[in-house]
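Examining the three-dimensional arrangement
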Amino acid sequence: MRRPSVIADEEARLRALAEYGFADVPQVPDLDPITQLAARIFGVPTAVVNLVDRHNVFFASSVGTDHIESSLAGREISFCAHAITGDDLMVVPDASRDPRFHDNPLVTGPTNFRFYAGVPLRGSGGHNLGAFCIIDTRARPRFTDKDRRQLSEMARLVMDKLELRRLDVAGRVSQERFKNIAATSPDSIICADADGRVTVWNDAAEAMFGYSAAEACGRHIEFIIPDNLRDAINEDRVRVAQGGPSTLVGRTTELQGLRKDGSLFPGELSLSMWREEGAISFGAIIRDVTERRRHEDRLYHLAHHDQLTGLANRSVLRSRVQDEVSAGRPASLVMVDLEGFKEVNDTLGHAVGDALLRETAVRLTNVIRPQDMAARLDSDEFALLLMREDDPLKATGIAESAIAELMRPFELAGQQIHIAASAGVAIYPAQCGSAEELLGNADLALSQAKREGRGRRTLFTSALRDAVVARRNYDLEIRRAVENDELRLFFQPQVDLHDGRLVGAEALIRWEHPERGLLPPAVFLPVLEAGPLAAAVGDWVLDTACAQAAAWRAAGAGALRMGVNLFAAQLGAGDLVDKVQAVLARHELPPGALEIEITENIALDEDNSVLPPLHALKAMGVGIAFDDYGTGFASLSLLKRFPLTRLKIDQSFVRAMCSSPADAAIVQAVTYLGESFGLDVIAEGIETEEQKERLLRKGCTEGQGYLFGRPMPPADFASTFGLGVEVRAA
């Protein structure tokens with residue numbers, strides 16, 4: 001771990017820090033809205049105003065630091081101690097890969113720091129006092145110029161607040177000290193006697209109000225106070241002069257200032273008072289906050305609105321939903337998902353995609369009432385909150401109107417663009433009792449609508465929630481099945497259709513449930529594929545199937561080919577090629593003994609991430625088969641781009657081919673495609689001799705199905721084909 005650099009004039013920096021009075025009260029509550037805003041804008045768990053002392057750092061304001069122990073507050077390990085040694089914002093995209101921090105306890109310990117961005121907080125004397133920073137437990141490879149500007153802008157707001165504190169601390173010491181600071185302060189500093197007459201008027205006050213010091217000194221302070229505030233301020237001054245309490249001294253107050261030209265500006269007043277030689281004096285620090293308010297308004301808008309569309313963002317939607325539910329007011333929530341947006345981005349570019357999203361926001365806003373709210377939740381997901389509306393017919397009617405609006409052609413980039421949309425609708429209080437339930441119910445309804453097809457809307461029902469609970473319970477059971485070794489591999493033979501000779505086997509997973517018996521994959525596979533265990537189970541299948549293939553080849557199966565279905569999680573993990581190489585080496589199998597099977601829907605979902613490992617596997621000699629070809633939405637272009645070796649004709653076409661000319665034509669077409677693209681073809685689901693003969697006449701020479709053997713345990717498979725070897729994977 002590299003220690004922070006030594007600051008050249010450290011003693012002067014520490015003296016400057018002491019002027020802010022942090023030794024007495026280290027926290028600055030006025031800064032809390034800024035740190036909270038930063039956490040929201042940048043989507044990070046932690047935002048901190050960090051001041052760096054001689055040996056330690058301390059939080060003047062923070063969000064998300066409750067878990068940081070005091071033992072980790074040493075200057076030696078602080079990221080901010082590094083940040084203050086420079087003049088510009090310091091960004092650490094991934095601390096675990098940065099030689100300065102990779103072994104830092106804040107990185108290696110439970111705090112798990114990964115990303116850091118900090119702006120030095122420079123005082124009026126030019127010394128860096130600390131840093132305003134944001135921290136994340138996830139690495140962030142990109143921190144844009146826009147992000148840098150926003151964080152730097154917020155750091156300036158922090159210093160505004162801290163400078164007021166410094167001047168307030170100085171004002172409590174003596175008038176002489178106050179005057180010394182006034183000479184160099186960028187803020188207007190004015191002193192007045194007990195009668196309210198100006199005694200000190202610095203250069204900043206001259207620039208702010210337009211009066212020279214000669215014009216201002218000796219005049220009553222009310223000449224810079226608007227008429228509507230003069231009485232209140234004079235009353236407070238008189239009361240203090242007579243020994244009474246003040247409503248202004250010791251606190252920061254927002255008011256309007258009056259310039260020499262008669263114009264008004266929003267200001268911030270910090271008033272101090274002291275007694276010297278029995279006489280009362282007042283010190284006022286006045287700051288023009290016009291620019292700060294503009295920044296704050298812009299940052300507030302960023303924190304609460306989607307930057308692209310101007311709609312409310314997810315956090316605002318959640319807050320409004322909570323408000324409605326807490327007040328017991330009826331409401332309906334419509335969630336809308338665009339279908340086809342990714343294709344627009346991919347084919348026409350992000351500029352057109354952004355324009356489409358902006359137009360989507362306009363169309364959705366037009367279908368709701370003035371009292372309702374539209375929000376953008378994600379890339380292509382939106383929501384409509386219908387206030388005081390609990391009529392399912394009206395809510396679903398608005399959902400249908402939204403879908404209809406979005407299905408109208410978009411005129412963008414000189415062409416017509418067509419997309420579709422799905423919508424889910426949930427009602428409060430008829431269907432739920434909390435804000436979280438309303439949001440969750442609408443999301444479940446949207447998921448169901450998307451499963452039902454394009455352009456659908458679905459109203460939430462309790463059955464959708466029951467299905468989720470059932471899937472969750474199934475997920476828990478699957479975890480137990482993996483832990484208890486309840487998963488099994490069955491094998492279905494693949495044969496040469498000319499003579500029935502065994503050429504391969506497909507490994508198929510089964511669940512030997514302790515109570516419900518042997519379960520087919522259709523019962524549990526969707527839950528398994530969508531869960532966190534998919535990659536691990538897939539790796540087990542790959543290893544077990546290859547071990548069995550090696551044993552059977554050694555027992556006389558010759559060049560038997562083992563087909564293994566992969567889960568999407570394996571394809572997206574990034575280490576598929578290494579794992580396949582390791583498995584083949586471990587079982588001493590040639591690459592040609594393995595055939596990886598993927599569905600066209602997986603290919604469509606993963607596309608770009610799948611192509612490199614598939615190309616690498618094919619280059620090794622591993623077979624790549626498209627399973628269930630023709631049942632999804634894959635285009636012919638996939639056959640050109642994907643490194644395939646085989647097409648598998650889906651069993652639904654094979655079973656119907658003898659009675660359905662359309663299915664027979666599909667079988668013929670897939671066989672022809674395979675021949676044209678130089679791919680082998682195998683047919684699934686062969687149950688009769690007639691099907692086998694027709695397939696041969698159409699040019700398909702390999703097949704699998706009940707005619708040749710059902711999926712069977714390894715022992716039965718070995719017995720059927722005279723192999724006599726069963727392998728149990730560890």
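Because the structure is a prediction, the values reported are computed rather than measured.

The rules we used
- Residues numbered from 1 in each chain as written.
- Predicted model: local features only at pLDDT ≥ 70, side-chain atom pairs only at ≥ 80, totals over all residues.
- Heavy atoms only, no water.
- Axes fitted to C-alpha atoms, helices over the stretch in contact; angles between N-to-C directions.
- Helix = DSSP H or I, 4+ residues; strand = E, 2+ residues; numbered from the N terminus.
- Left-handed = near helix turned anticlockwise from the far one by under 90°.
- Contact = heavy atoms within 4.5 Å.
- Nonpolar A, V, L, I, M, F, W, Y, C, P; charged D, E, K, R; others polar.
- Salt bridge = Lys/Arg side-chain N within 4 Å of Asp/Glu carboxyl O.
- Buried < 20%, exposed > 50% of the residue type's maximum accessible area, 1.4 Å probe, protein only.
- Pairing = 2+ DSSP bridges.
- Phe/Tyr/Trp six-rings, centres within 6.5 Å; stacked < 30°, edge-to-face > 60°.
- Expected span 1.5 Å × (residues − 1).
- Core = buried A, V, L, I, M, F, W, Y, C linked by side-chain atoms within 4.5 Å.

1. Points about the packing of helix α13 (residues 350–367) against helix α14 (residues 392–407)
- Interhelical geometry of α13 versus α14 gives an angle of 145 degrees and a closest axis separation of 9 Å. Every pair of crossing elements has a handedness; the one defined by α13 and α14 is right-handed. Note on element contacts: α14 touches α13 through I398, S401, A402, E405 and L406, opposite T360, R363, L364 and V367.
- Partitioning the contact of α13 with α14 into residue classes produces five nonpolar, two polar and two charged.

2. Digging into the pattern of salt bridges
- Throughout the structure, instances matching the rule amount to 45 salt bridges.
- The residue E405 makes a salt bridge to R408 at a minimum N-O spacing of 2.9 Å.
- A relative accessible area of 39% places R408 in the partly exposed class.
- Close ionic contact of K692 with E689 constitutes a salt bridge, the shortest N to O distance being 3.2 Å. With K692 and E689 both in helix α26 (residues 689–697) and three residues apart, this pair spans about one turn of that helix.

3. Some thoughts on the pairing of strand β19 (residues 502–513)
- Buried residues dominate β19, accounting for 11 of its 12 residues.
- Both strand β18 (residues 487–496) and β19 contribute to a ladder of nine bridges, which runs antiparallel. Looking across to β19, one finds that F491 is bridged to A507.
- The turn linking β18 back onto β19 is made up of five residues, and G500 within it adopts a positive phi angle of 75 degrees.
- Sheet topology places β19 next to strand β20 (residues 517–519); three bridges connect them, and they run antiparallel. In the sheet register, E512 faces β20, and the bridge partner there is L518.
- Hairpin connection of β19 to β20: three residues between the antiparallel strands.

4. Topic: the environment of F490
- Among the secondary structure elements, F490 is positioned in strand β18.
- Note: C-alpha distance between F490 and A355 (135 residues apart in sequence) is 52 Å.
- Once you skip the residues sitting within four places of it in the chain, F490 turns out to touch E506, A507, L508, R510, L518, P711, M712 and P713.

5. So, the side chain of E595
- Considering the arrangement of structural elements, one finds E595 in strand β22 (residues 594–599).
- Residue classification places E595 among the buried residues on the basis of a relative accessible area of 2%.
- Beyond its immediate sequence surroundings of up to four residues, E595 is in contact with R561, M562, G563, V564, G623, I624, A625, T645 and R646.

6. With respect to the packing of aromatic side chains
- Scanning the entire structure with this criterion turns up 17 aromatic pairs.
- A ring pair is formed by F79 and F101, whose centres lie 4.1 Å apart and whose planes are at 10 degrees; its orientation type is stacked. Here F79 is found in helix α3 (residues 79–83), whereas its partner F101 is found in the loop between β3 (90–92) and α4 (105–108), with 22 residues between them in sequence.
- The class for F79 is buried, based on a relative accessible area of 3%.
- A relative accessible area of 0% places F101 in the buried class.

7. Comments concerning the pairing of strand β16 (residues 420–428)
- The element β16 is largely enclosed, with a buried count of nine among its nine residues.
- With burial as the criterion, each face of β16 is covered, one bearing A420, S422, G424, A426 and Y428 and the other bearing A421, A423, V425 and I427.
- Relative to β16, strand β11 (residues 331–339) runs antiparallel, the two being bridged by nine bridges. Looking at the pairing, V336 lines up with A423 of β16.
- Here three bridges tie β16 to strand β17 (residues 457–459), and the two strands are oriented parallel to one another.

8. Quick word on helix α25 (residues 661–676)
- With 16 residues, α25 should reach 22 Å at 1.5 Å per residue; the first-to-last C-alpha distance of 22 Å fits that figure.
- Residues of α25 that are buried include every one of D663, A664, V667, V670, T671, L673 and G674, and no others.
- G678 lies just past α25 and shows a positive phi near 70 degrees.

9. Re the sheet that holds strand β5 (residues 128–136)
- As summarised here, the arrangement of the five strands in space is β2-β1-β5-β4-β3, forming an open sheet in which the pairing is antiparallel. Both outer strands of the open sheet, β2 (57–63) and β3, are each paired with one neighbouring strand and no more. Averaged over all pairs of adjacent strands, the angle between strand axes in this sheet comes to 20 degrees, irrespective of strand direction.
- In this sheet, strand β4 (residues 115–122) lies alongside β3 in antiparallel orientation, the contact comprising three bridges. Residue pairing in the sheet places V91 in a bridge with A117 of β4.
- Strand contacts of helix α2 (residues 32–42): β1 (46–52), β2 and β5, with the helix running at about 65 degrees to β2, the strand carrying the most contacts.

10. What about the sheet that holds β11?
- With mixed pairing, the five strands of this open sheet are ordered in space as β12-β13-β11-β16-β17. The sheet terminates laterally at β12 (373–376) and β17, the two strands that pair on one side only. Taking each pair of neighbouring strands and ignoring which way they run, the sheet shows an average axis angle of 15 degrees.
- With four bridges joining them, β12 and strand β13 (residues 381–387) adopt antiparallel strand pairing. Within β13, the position partnered with R376 by the bridge is F382.
- In the packing of helix α11 (residues 314–326) onto the sheet, the strands contacted are β11, β12, β13 and β16, and the crossing angle to β13 comes to about 25 degrees.

11. Points about the nonpolar core
- In terms of nonpolar packing, the biggest core is built from 76 residues, with I509, F524, M562, L594, L647, I649 and L695 touching the most fellow members.
- Per-element accounting of this core gives the leading share, 10 residues, to helix α18 (residues 534–557).
- Ignoring any residue separated from it by four or fewer positions in sequence, one finds F524 in contact with Y474, I478, I509, R510, W511 and L519.
- In terms of nonpolar packing, the next biggest core, distinct from the first, is built from 38 residues, L121, F143, L157 and L302 among them.

12. As for the environment of P99
- Here P99 lies in the loop between β3 and α4.
- Here the alpha-carbon distance between P99 and D650, two residues 551 residues apart in the chain, equals 54 Å.

Keep in mind that these numbers describe shape and distance, not what the molecule does.
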